[in-house]
Amino acid sequence: MSYELTGKLIAKSDTVQRTATFKTREFVIEKTEDIGGRMITNYAKFQCVQDKTSMPDRFTIGETVKVYFNIKGSKWEKNGQVNYITNLDAWRMETINLQQQEPVTTANDYSTSEIPSSAAGDDLPF
């Protein structure tokens with residue numbers, strides 16, 4: 001299942017070579033929302049892996065971006081201790097230009113003058 005989040009890019013870390021064949025990179029998105037009249041800010045740390053580690057390079061700190069990601073979870077056991085790890089694995093990023101966004105028209109955004117009247121000879125039973 002895929003998810004998306006739009007927010008401000010506030011941090012990019014360096015690529016880390018975990019093994020000879022596996023590398024990761026992290027970045028952080030700041031998301032501020034008005035919830036019940038209070039401004040709440042959350043920070044989401046994402047992970048890129050393998051060929052996606054160069055993805056954040058196209059974006060600058062402070063830029064508003066949309067991140068597409070998957071949630072990945074794993075179980076880690078050592079010396080009888082169990083730990084669960086959750087990662088937000090980013091696989092795509094897009095620039096969001098808030099000044100040029102067009103308003104979205106929904107199904108209910110119309111006036112009765114836009115509804116065509118039926119033609120005079122239209123006698124179809126449905």
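Basis of the calculations
Residues numbered from 1 in each chain as written. Predicted model: local features only at pLDDT ≥ 70, side-chain atom pairs only at ≥ 80, totals over all residues. Heavy atoms only, no water. Phe/Tyr/Trp six-rings, centres within 6.5 Å; stacked < 30°, edge-to-face > 60°. Helix = DSSP H or I, 4+ residues; strand = E, 2+ residues; numbered from the N terminus. Buried < 20%, exposed > 50% of the residue type's maximum accessible area, 1.4 Å probe, protein only. Lys NZ or Arg CZ within 6 Å of the ring centre and 35° of its normal. Patch = residues over 30% accessible without salt bridge, like charges linked within 9 Å, V, L, I, M, F, W, Y side chains within 5 Å. Areas by Shrake-Rupley, 256 points an atom, 1.4 Å probe, with all protein chains shown as cover. Salt bridge = Lys/Arg side-chain N within 4 Å of Asp/Glu carboxyl O.

**Q** Looking at this structure, how should I read the packing of aromatic side chains?
**A** For any pair of aromatic rings, the description rests on two quantities: the centre-to-centre distance and the angle between the ring planes. Tallying each qualifying case throughout the model produces four aromatic pairs. Their ring planes at 20° and their centres at 5.4 Å tell us that Phe-27 and Phe-46 sit as a pair that is stacked. Pair noted here: Phe-27 is in strand S3 (residues 22-35) and Phe-46 is in strand S4 (residues 38-49), with a separation of 19 residues, a long-range link. There is no split in this pair, since Phe-27 and Phe-46 are both buried. Here the aromatic rings of Phe-46 and Phe-69 are separated by 5.0 Å at their centres, their planes lie at 70°, and the arrangement is edge-to-face. Residue Phe-46 is found in strand S4, and its partner Phe-69 is found in strand S5 (residues 64-78); the two are separated by 23 residues along the sequence. Residue class for Phe-69 comes out buried when judged on its relative accessible area of 8%. Three or more aromatic residues joined by ring pairs make a cluster, and in this case those are Tyr-3, Phe-27, Phe-46 and Phe-69. The ring of Tyr-68 has Arg-92 lying over it, and the distance from NZ or CZ to the ring centre is 5.1 Å.

**Q** How should unusual backbone geometry be read in this particular structure?
**A** Residues apart from glycine generally show negative phi values, whereas peptide bonds are mostly found in trans. A positive phi angle, near 50°, is found at Gln-50, a position not held by glycine. Tracing the backbone through its elements, the reader meets Gln-50 in the loop between S4 and S5. Among the residues examined, Gln-50 registers a relative accessible area of 30% and is labelled partly exposed. At Asn-79, a position not held by glycine, the phi torsion is positive, near 55°.

**Q** Would you mind showing me how to read a nonpolar patch on the surface here?
**A** The grouping of Met-1, Tyr-3 and Ile-71 at the surface amounts to a nonpolar patch, some 350 Å² of accessible area in total. Within the fold, Ile-71 resides in strand S5.

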